[in-house]
Every structure is written in C-alpha cells, then in structure tokens.
Amino acid sequence: MAPSSVKKSKSPPPPGQKNLFSFFSKKKTVSPCESAGKVKDVGGSPNSTASSGGSNNASSPGSTKMISPNINKSDSVSKSKPRAKSIISPSQLRLLRRITVGTRLAVYWPDDKEYYPCVTTHHRPTPESEYVYTLQYDDSEIETIDLATERFRIIVGVKRSCDRKSEDCANGDGAELKKRRRILEDTDSEEDADMDDSNSADESGSEYKGGNDDSEDESLGDAFDDSYEEEIGVNCKKNRKSSPPLKKGAKITVTRVGSSNANANIPKGEKPTRVISPTPHKDHCKTSTLSSESTSNKIDFANFESSKTTPGSSAASSPQSNRSGNRSINSSPSMSPVAVTQSQKDDGRFAPPKPVAGAVNPAGSHFHNHLKFFTTERRDIHRNPPGHPNYSPLTLHVDYNELERQSENGKLSPAQRQWWELKAQYADTVLLFKTGKFYEMFHDDADVGVSVLGFVYMKGTSAHAGFPESAYGVMVSRLVDAGYKVARVEQTETPDALKERKKRTVGKKPQVVCREVCGIVTKGTRTYCYLDDDSCFRTNDDRSGGGRGASTGPLVVIKEILLNSGKSTVEMDVNDEATEDDDDGAKAICEYGITVVDAITGTVTLGQFADDVLRSRICTLIASYGPSEVLIEGGENGASKTLVSLLQSACSPTTVISRVNPIERFPRSTAVSLEVRKMLDRTSADVHPWDATEAVKELHRRSYYPRSSRKKNPVNGNVGDCIGRWPEVLQACIQGGAELALSSFGAALFYLQRSLVDTEILSMGNVKAYIPPNNTLTSAEADKTDELSSTPEQLQNLFDKESRRDEGVDLVRGDEPHVECRSHESGAYASEAMIDHMALDGTTIANLELLHQITTGSFQGSLLSKIDFTQSPHGSRLLRAWLLRPLFRRADIDRRADVVEELTGGSAAMAMSEARTLLKKTGDIERLLSRVHSMGGGGAGAKQSEDEGNLPGGYHPNERAVLYELDKHTRRQVGDFGKLLRGLRAAAEIPDLFENVDIQSPMLAKIVRSTDVGGCFPSCMKEELDWFFDNFDLNKAARGEFEPTRGMDEEFDAACDAIENIKNELNEYKDEMCSRLRARSAWKYINLKEDSKDKYLIELPASIPVPDDFYVKGKRGKGSNLVHKYRTPEVEEMVQNLERAIDVKNQGKAAGMRLVFAKFASMKNIWLAATHATAMLDALGSLAEIAVQPGFCRPKILDCPPSSKPGIKILQGRHPCVDVTHSGGDFIPNDLILGGGIGDTFGQEGFAGEASVLLLSGPNMGGKSTLLRQTCLISILAQMGSYVPAEQCALTPVDRIFTRLGASDRILLGQSTFFVELAETAAAVRGATRRSLVIMDELGRGTSTFDGTAIASATVKHLVERNKCLALFATHYHSLLEDWKNEPSIRLGHMECIVENDSDKDNEVTGNITFLYTLGDGPCPKSFGVNVARLAGLPDDVLQKAKAVSTAFEAEMNGENMHKILPSSAEDTARGVLELITKSGIDAVGLDRVWESLQ
C-alpha cells in the first residue's frame, strides 16, 4: 500500500478497513504486539525517551513529517530535516554494520517524540553514505533514509502476544481470536529469528543516535560489553475475553519510571498509558513498567496456544540446544534464565532488574531471578554446590528465610510454600501445578513455558504461565521432545475433603488442598497413558522405532567398572594395547551391567558383559536399541570419561544423557494417608540407587512380583529367598551373582519409582536377558574360556531360550541341545557348532545402514525400510530383531525360507493375502496390553503387599487425582480397550483362514494352527473374547454408564442381592403394618431413589393412629390434608443396611471398568501367545512380499565342514537399497565368486583359484563400496531366511561381518579419522574366523602413502594366512596389487570404466570417464583421481599441475628415470663383473667400465 499522506496522523480509513488498520498502523516498539521484543537501547541521552507527562499521550496536531522533494519510484519519504554529514564513532559503526535487509528497527521521529517500528527492505548505498536503507513501516508506508544520520533502535527476538481463552481455545473455539492472532503474526514477523546468542547478547539494549556525539563512545562500548538480553511477554487478555482492537489514533508511549508510580501525573479521568521496561543492562538502563489500559481486571493465565517462540531466548534454553558439537551430559536442563558467571558474582557487576508489580515483566527480572539460593548460591538438598562430585541436580536446598524476605508481603502463602516444597524435591523437573482446571507454571518453569511452548508471562512480579487440562497431552509432548522432565502435580483432595480434614486435625490446621506428584514424564519413561498425546501411534508410516509409530526409544541404564584399578582409562588403553598377551585377541578392560526399559510395552531387559578397549559391545548395544534416554553413574567413582565421550558420540543428538549419583535423596510423598506415604516412600530418605542388595530388598518390599513363601521375610533376611515366582531372568541374575546387572537395575528402579511408573512397568513381569554378539574373540581363543564373558551361565541359557522362541526355531526343533562336535575337531571348528546366529556389531550395523541411513539418520533408505512390509507394529519389531540377529545354522535358515517360499504361491499365498488384512486390524497388541494392564490396577498398586493390606482405591496418586476431563479420559481408556478387543478378535480369525490349506512347511503349520491341533494360537481365545464383548458394552462404557455384570465381582453381586432383599423386606413390613393399621390405601413410601436422603420415609394421614414406636420426621399439608412422615426402628435399621449396600454397589460400579481390565490382564498369557503368533506370521509375510518382487531368488545355503573352505557365489547381484543409480539409470548387477566349493553349485564351472580374498581396485566413484556393501547385505538377507536381489545365490553361513568403510572421526573420544580406521581394522583381524566376512574400503588412506601401504599389505597378509576368512578389500595402492597378484588365495578385480581419448597422455584432465559399474578381472591401471577432481569442479590449472606431479611421482615409483639392465646385455655385464672379481689385482679401468654400464 503506497502512502497517501505526508502526515503521521492520517485521515481515518474506510469503515471496512478500520479494524485491519488498527494492527498495521504505525506504532511504537512497545505496542502490545511488539512488547515481547528486545529493543537495542544503548547510549541514549536523557531525551531519548519521552517523559511520562501528558505531552506523550498524543502527538501535537501540528507534528508533521514532510515529503522530500526527491520522491523515488516507490513513493518513499524521508525526513524533512536535513542533517550534516557526521563523524561515526567506532561503537556506532559497529551497530550500523549489524543492519542488513530484513532487520527490524524502530526509527525515532523528533516531531512526534516517538519510535515507529519498521523493517529494512532494500540497501541503497550512495557515494555520500553506505548506510542508506529503504524502510517499510507497519502501516505499509515506505521511506528511504540514511541511518547514519538518524536515531533508531534495533528490535530483536520479537514475541507476539496472543490472547488466551480458557478452555474454548483448546477445543478450537474463538475464531475471531485466531483471526486476530494470524493478522498479528503475518504482518509482524520475527526478522531476527536466526540470530545466535552471541549477537543477541552484543546487541541487546543498543540504540543508535546519529550525530557527532563523541561523548557517548565510552558508554556505548561498555554497553556492548556488559549488555544483558531479556525477553518481554505481553498478555493482551482481560478476564479471558478478547480485547477490542486498538484504535488507529491510539498511541503507546515509552515512559521512564523514575518514581514509584509511573502514571502519577496522568490527568484525572484518563486511562493510564501502556508502558514497558526497556531491555535491562548495566547502569544506564532505566526501568519501566508495562501496564494495561485498564488494570482493574486481573489476568489469570497466559495463552497456551501461542505458536511463536522467541528464537534465541535466554529464558530456560532447551537441553537440546547443546546437542551440536561437543554435547554435554544433561544433568539438569537450564531452568533459570539468569546465567551468572563466577567473575560477575565476585565483582558484583551482575544485578537482575527488579520486577514491577502489576506489569508483565520480561524474562530474567522476575522474583525467582533475585533468589540467591536459586541462582548464584544454588545447592542441592545435601548443601553440595554445582561442580561438587556428589552434587545432585535432582534436588534443591530452599532457603525459606530468603523467600519470605524477598516476597511482597514478607511471608509465603500456603500454596506458595507447597510449590517450593515440591520444587526442592524435583529441582530438575518442570512442575505442572494443578489449580482448578488449569496446569500452572511458576518461576523457572514459566520461563520454560515461554521459551519452549510459546507462552507469554502473566502480570506480576513472579513468572507465571499456564494452560488448561485439555491441552495437557500436547504440551507435555512438546516439553519432553525438547528434553525436559515434566511432573504432573494434581490436586488429590477436594475443598470439601479439606474442610473435613481440618475438623479432624488437632493443632495447626491445614490451609491448602493436598497436591501430589502423580507422574514424571521423560523421554525414556513415557508410557503414553490416557492423559498423554498418542498421535505418534496413529500414523501409518513411522516404523523407525522398531514398530510403527513408536517414535521414542527405550531407557538404558549403564553401570561400569574398570578392571584395572588404579589406572585411568587412557593409561589402560595404551598399556593394554602394548601387552604381549593381547596380540591374538581382545583383552577385557571394563565390565558393564545394563538395564533396558521399554516403557511402551512394559519390557525390562537385563545384561552383564565385559568389554574391550574399543568398547565394541557397548557400541553394539547403543546401535541396536537406539535409546532416547541414558542413565550413567555420577560421583567421583562413576562412569569413566571414555564411556561418557562414547555415549555423546554414539547416541542420537536427541538422546538425553543423565547422571544418577551413588547417594540420592528420594522424594517424600505428600499424601494425606500415612499408609499411602509409607508405601510410596523408600525406607530411608537417602537411597543408594546403584546398590544391588538394596534394589532386591526394595523389590521384595513393594511386591512387584509374587512371593514364593509367606513364612520368610526376605527384606530383613536373605534377599535370595522367596523369589521362586519371580521372572526367570531376574532369578538368574540374583542366583548367578550378576551384581552389575542388578546394580543397573537398581538405578532403573530408583528412576522409575521417582517417575511413579514403576508398578505400571515392573508388574507386567516381562523381563528378558541381553547377551551381546560374541564378536571379539579370535579363532586362537576359541578353545579357551571367553575372557570377555562375565555373563552368568543361567542368563546365557535363558537368552538362548528366548531367542529360539522369538525366531520360531523351537516350533519345530524344540529344545534340542547344541550339535556336538566330533572329538577329532579342533577348538576353532568345535566353536562353530555352538554358534546360533550371525554376529553384527555396532560398527557394522551403522556402516551397512541396517536401521538408519548413515548420512541423514533417516529410517528411509535403510535396509529395514526396504524389507519391512509388516502390517502390525509388533510384527515390525520382530522383523527388526531378526535383521539384527540373522540365523547361522543351515537347518534353521532353510526352515524359515521354506515358510517364505510357501507363502509366495498356491493356496497358502491366498490365505496369507487375507491374513494380512486381519493383521492390519490387530494394531499394536503389545502396547495396548501394557495400557490395559495399567488401567486394570497394575499401575495403581491396588494391593501389593499382604503386610500393608488392601489400601482403599490403591496407593498411586492417580487414584486420588481430581480431574475435570473425566469424560475425555474415559473415552480414551475405553477406546484403547476397544482397539485391543477388536485386534485380538481379528487375530483369532487367522487360524480359520488356513484351516483348509494344505500346508507343507511344519513351521508354518505350527504358527497358523490353534493349540488344540498342535499350533500356537490359543484355542480358547474366541470364547474368552466373547465374554468381554458380551459383558462390556463399549458404547455405554464410553458414556460412563457401565455396570459390572453378574459373576464379575462377588462384592458387587452381594450388594445388589442385599439391596433387592432389603427392598423386599420393606415391602413385607409395609404389608404387615397396613393389615394392622387398616391403612393399606393410605400407606406410602417416599424418597425411594438410591441417591435420596431420608430414604423410605412412611407417609400417613395425621388422622390415622399409629403405634408408639412411630416417630415423626416431618410434615406436609394443613388441616384435614395434614400428612406425617414417620420413621420406625425397624425401617431405620433396614434403611441403614440399604445405604451400606448402595455404597458398596456404587464403589463396585465406579470400579467396574477396572474389574474388567483386571480380568482381561489376568489372561495376558493367552493374549501374548496370540501376539507372538501374529508377529511371526506378519514378519514371514513381509519376507514373502520381498520374495515375489522381480529379480529376487531364494539363496542356497551350503554346509561347510572342516575339510572345505567357506564361500559365496552371487550371480547378477544387486544392492537391495539402491533401485537406480545416481544418474537415474537402472542399477547394474554384478557377479561375485569367493571361496571354495561354490563353483559347481548351479551346474556351472567354478572359479579355478578358489580365492577367498578379493583385492578390488578401480576409479573413484566406480562402485567399489557399493559392491562391498551389497555382498554383506545379501548375506544378511539370505541368513534371515529371505530371498535376495540376485539371479542366483549360494553361500556357506557367515558367523560375523566386519566392516571398515567411510571416513569419520570421533572428536569427543579424541580419535582421529585414521585411528577410527585402524580400530575397525583391529576388530576385524582380531575377531574374524574362517566363517567370517570382512569388507575393507581404502584402508590406510588416513596416513602417508608408505605407512598406509604397509598397513594395508600387512592386514591382507593376516586375513589370508591367519584369519582365512572371506574378504573384499578395496584399495588404490597399486603396489599392493602387484605384491599379491600371484597369491592363489587372492583374486584381483576392478570396477570397469571407459576413458575417452585414451591415447592422449593428458586424458585424465581433458577426457571424460564413463563408469560401467561392472566387476572385471585383474587390476585397474589407474584410479583416475584427477578425473574425479575435474568432475568435482577443480580449476583447470590445478588439474594440470596435479596431473604433472602425479605423472612424475608415478614414474619415480616405477623406476622409469633409472637405467635398466636389459636382458640382451645382462650376460655381458655379469661376465665382466666375474672377471674383475677373479683377478688377483684391482683393474681400475675395468671397474670403471662396469660401473658406467651399471649407471
């Protein structure tokens, strides 16, 4: 819109545009929609801001701004007042240089004495000044000015204010509010959104004032050094109703608050002006207030739906903000916006601005920013300061004396004290403090809400924001995704209950309703209960979390000990590498105990193992599970620096890594009931989370698992007693002495108890074992005890049993023992008979991109994404497990492949097609089972200990929470249960589909048949499901009208019978009395409803005489119509019994759904059996979908007896993840033959040399790495039982795959790129056996040519002579090819290409190279690196010089510049030398002649 007037006070707009113009009109930087911004305010003179007098309330009528005579094409205007060219001071120049196109400014207009916001749209430098910019004001007026001569401020970090409705805003109401917000956001964008913190800190509070004012240079420089950036939030809400739009003529002025009342001079009858405090910094920043036009109405809540978050906010930066670069351990999120350095604290320079009462104060100036115990002198509950080895960020020492001194009234209210008492126990957690229907955020938690959720502060000296209960799920999800812990603090007492408690209390009366922490949500403990946002599970595409929709990884707890005490990790690494005993294998230098908690499915995994110097096993654990949260031990003797650095580099950037100290303070329950507090609290205030014995005692005390004896008390005796009914894995750890595993489990137990999800997860009883892949021992150690195996034998056996069950091996093979080796076999061959699976370490999982793409971390593009055609999340999780543990034994592989083949054709394929439709309807049965288990009381602890008895309503705070969205929560609970019932019913129909199918595979028949005919599906499943469908009306339950049916609850049934009997007795009493009184027609019972008071009063006319035991309870009517309301002792007794029975009935009705859920959860073994059967069928069906794709074949698995060599043969093999080349063409397949006994597999002549190692050369970008990767991936797919992308394939099973690919360093571990290369190489040469597959890509390129060649040659020699494994070795060292060209165990190959102008000696510079991507025999003469450099765009002169140097170097290496002895002259030269030697004297002439010939 072009400007239509030269005056600032324009004519009124048309009526239809008035409201719109009210938002676009030119206004000062402190307008409501700009007040959240940071205004640069440096060096302004006392006149830089108008005084608060009446002159500021409106502009003078005569104040105009004249158009410059030279109007440009864009109708720009400039100020009429000419300015002389001024000298710019260094500080002013520094500010001017920060301005770019898009910078948001506030330009000062002297006549108006006001700042008007605008944005720079064009930079138009002139010969006189390079700081000429075109500005566009907020009312679309355009002006071109020289900023060097003007006075302006830079606005940064603009945050829009957003009106807040109460609950309607969350439900999508308030269209007018949303429209207004959209106008504000679309027209007033945040230009400084990408500004980093350093720039913001330098610029905050900066004001530029043109002119020759050298006196301000010093103060400006100080301001830049000591500026402090703040964020201001404004709430334009009055009583939760939309404010009227601002009038066009309304002006908002900046007022300096020099006195206690900024509006003291306001004329009577006028509204106070809206004022704002400028950005606080040092001493020359004057404090202001921000008040509304009408302060009579108080704002209760900040807006909860604001979509804008101020970038670069200093308030409570997210823990994820430090994820780039050197990530630090997230001991505690930065909850306080005030960052105070020790130097600032010591010299007293730092002083947060004081908050102003009745105003919206900026971040960093609130009440909590002035509390020393909360900021500069922070301590934990044990008085340890930050930096102390035992400092715990979980707790806070609260100085209540300072709180009262700093508070406005000199004392704390009961609710305030209640908040601080909770904060002292949950210092690292965002508290959502329930008040009525809203969750409130106070102090540093409000800073987080403003920073992360986009809220705005409410008025007052204390930071305050909030949102309604209906928005809980969305808000918590955003906070947790940002890395915060979130505690839900609920009211667990009603005001009426508080009154009753006051009456019962002797002494000091309680003044506030009871509030309790009902749960803490973190990334690793999210159970997605009925309160949480579960939208991630409603998507159909996300399978990256090991199951569709599972977007969060598990919680991993790691306990570490170093085996060489007294040495640091670095010393051990160096010394242990040099020991002579370590030449042939990896030596254990540390030991780990791990606990993995999958909160979504309620699965706990325990493991214990030793590890080598490379920490290969812990890396494999991290790669396999992809944790979202990791706990390690804190304190002086906690996790080593090596482990910390490893986790920081190996985990995802979004993974939260936290410490748990050896001694931690357990939070005390705030429940009213003593029995409840006793159950929720630990036995002592200070607990030892990493103590194994204490952990087992706590398991006994809380009775998560049933006791096997009632006579013994294991809490005070032997902790190993009474565990016979515990999960087998947990028993094995206790009885087998797995102290480290139990230690990590103890820390996990502490963390789950603190989060109040312990019973919900542990009572599922789903505990598994973890054993890492045995990929560190060499063949030389195969006949020795595994030095790296610290796992108890019982744990190993249970793990093997679980693996065979999950993979379906036991369905046909049963629990048969391992194949016994013959006595004449050596240890190396005997160990092969003990192998069940191919081992894949973390490096291999990452390099082969099995789970995630290595460059982007995305699930798409990984091998799993290409083979996952499952229809259910639990099927997807099982397929993922199969991918990470491919089978090794030929019989097991063939059994699974037989099933896949049968599902690709015939009647079985048709049945499978229909079954896939049913599988899609099953949903995530495992997750929903965990939810129903929790809803049935498994998460509430209805009765956990015989000693404690049955606590009323359960002891979990959720059972006492006062919720206002009960209808919504009930619908969510019933919805989850309905999904589970319908999913299981769909699963129960699968056996019917295969009933008439002639199944050839025994394994498939076992999976799809019911148990009554020897299958896996429970035969009673349909009958049990019918009971729930008949007795649980999903629609009525969703409306809250559910009642238990007969036979479901004995107490409920007895109460119903009692009610019926009492009613009958009352009627019998009526009949008896009516016959005596002869008043049958007059007798009437009133108040018959169950919720009525004074039930069954007897109404009789006053004229009828009654016995003496009738007493009057009331009367109605007059005269002859007078009626008495009687009560008799008999009726009184019956009514009392009736009311007791009604109470029991109501209690049973309220717990009706829980009874149904509990009954359902008690049958979990039936549902889990069906879940396992459907998961296996789904995974096999996914492999069948791969098999029917064109270009896939079934691989032939071959035996490899000790007398033969392993081998692999692939004809026309392709990379399973690459469909087309980078140029868009079809992928070019390749043949590969390695090893012995493979050639005649398909009736073809085999490779004569039977080489086991391929030395691969060829041009850069020629496809070498692709060939290496595709060979490994084909081997993995083949041993999964899958079809492979090839025309034909045969191989002997591979026990391990080792990879050395790519180039990357590990900065946090202090490991260079070359070190990483050698570490991966060391793992291969140490761990590879004859059955292993090794791929190495360009080993040695990270060092000099000579060292690299030597290392590569020695590695090849080791692989050939000692490991004797299959290997593909890509290299550009042509001398290496020359050295090994005659070795029969090595085959030379190259990736073919065509080079144009091949006769030209400079073809690498001028010619084009065409990659054929086909594998050819023999070495490649060149690597054509200069040609690739040309493709990369290097300048021609660089290419010419590089070619010249390369040619000279190649000639020198080949000895072309030296004289050579030709065969024709060799005999003459040798004869001359012989004659010289045989002569008695020295023939100098002859010697010179021979010497010259040799030159």
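This text follows the structure it describes.
Conventions used here
- Going along each chain's sequence as written, the residues are numbered from 1 onward.
- Reporting of local features is limited, given that this is a predicted model, to residues whose pLDDT is at least 70; pairs of side-chain atoms are given and counted only at 80 or more, and all residues count toward the totals for whole chains, interfaces and linings.
- Values reported for side chains reflect all heavy atoms of the structure, with hydrogen atoms and water molecules removed beforehand.
- Salt-bridge detection follows one rule: a side-chain nitrogen of Lys or Arg within 4 Å of a carboxyl oxygen of Asp or Glu.
- Think of it in three bands: residues with accessible area under 20% of the maximum for their type are buried, residues over 50% are exposed, and the middle band is partly exposed, with areas taken using a 1.4 Å probe on protein chains only.
- Strands are runs of DSSP state E lasting at least 2 residues, helices are runs of H or I lasting at least 4, and numbering of each runs from the N terminus.
- Contacts are assigned to residue pairs that have any heavy atoms within 4.5 Å of one another.
- To form a nonpolar core, buried Ala, Val, Leu, Ile, Met, Phe, Trp, Tyr and Cys residues must be joined to one another through side-chain atoms within 4.5 Å.

## Section: the pattern of salt bridges
Counted according to the given criterion, the structure contains 47 salt bridges. A salt bridge links E490 to R488; the nearest nitrogen and oxygen atoms lie 3.1 Å apart. For E490, a relative accessible area of 0% translates into the label buried. Overall, the relative accessible area of 4% leaves R488 in the buried class. Put simply, E901 and R1194 hold a salt bridge, and the shortest N to O gap is 2.4 Å. With E901 in helix α25 (residues 890–902) and R1194 in the loop between β26 (1192–1193) and β27 (1196–1197), this residue pair connects regions lying 293 residues apart in the sequence. When its relative accessible area of 38% is taken as the criterion, E901 is described as partly exposed. One salt-bridge network, held together by shared partners, links R890, D894, D898, E901, R1194 and D1199.

## Remarks on the environment of G1281
Note that G1281 resides in the loop between α37 (1264–1280) and β31 (1284–1285). Relative accessible area serves as the criterion here: at 0%, G1281 is assigned to the buried category. C-alpha of G1281 to C-alpha of A1184: the two residues are 97 residues apart in sequence and 10.0 Å apart in space. Setting aside residues up to four positions removed in sequence, G1281 forms contacts with I893, R896, A897 and V900.

## Digging into the nonpolar core
Core analysis: the largest hydrophobic core is formed by 112 residues, its most contacted members being L850, F977, F1032, F1160 and W1167. The element contributing the most residues to this core is helix α36 (residues 1164–1187), with 13 residues. If we skip the residues at most four places from it in the chain, L850 touches L840, I845, S862, L863, L864, L883, L1273 and I1276. If you look at the next biggest cluster of nonpolar residues, it comprises 44 residues, including V597, W690, L730 and V767.

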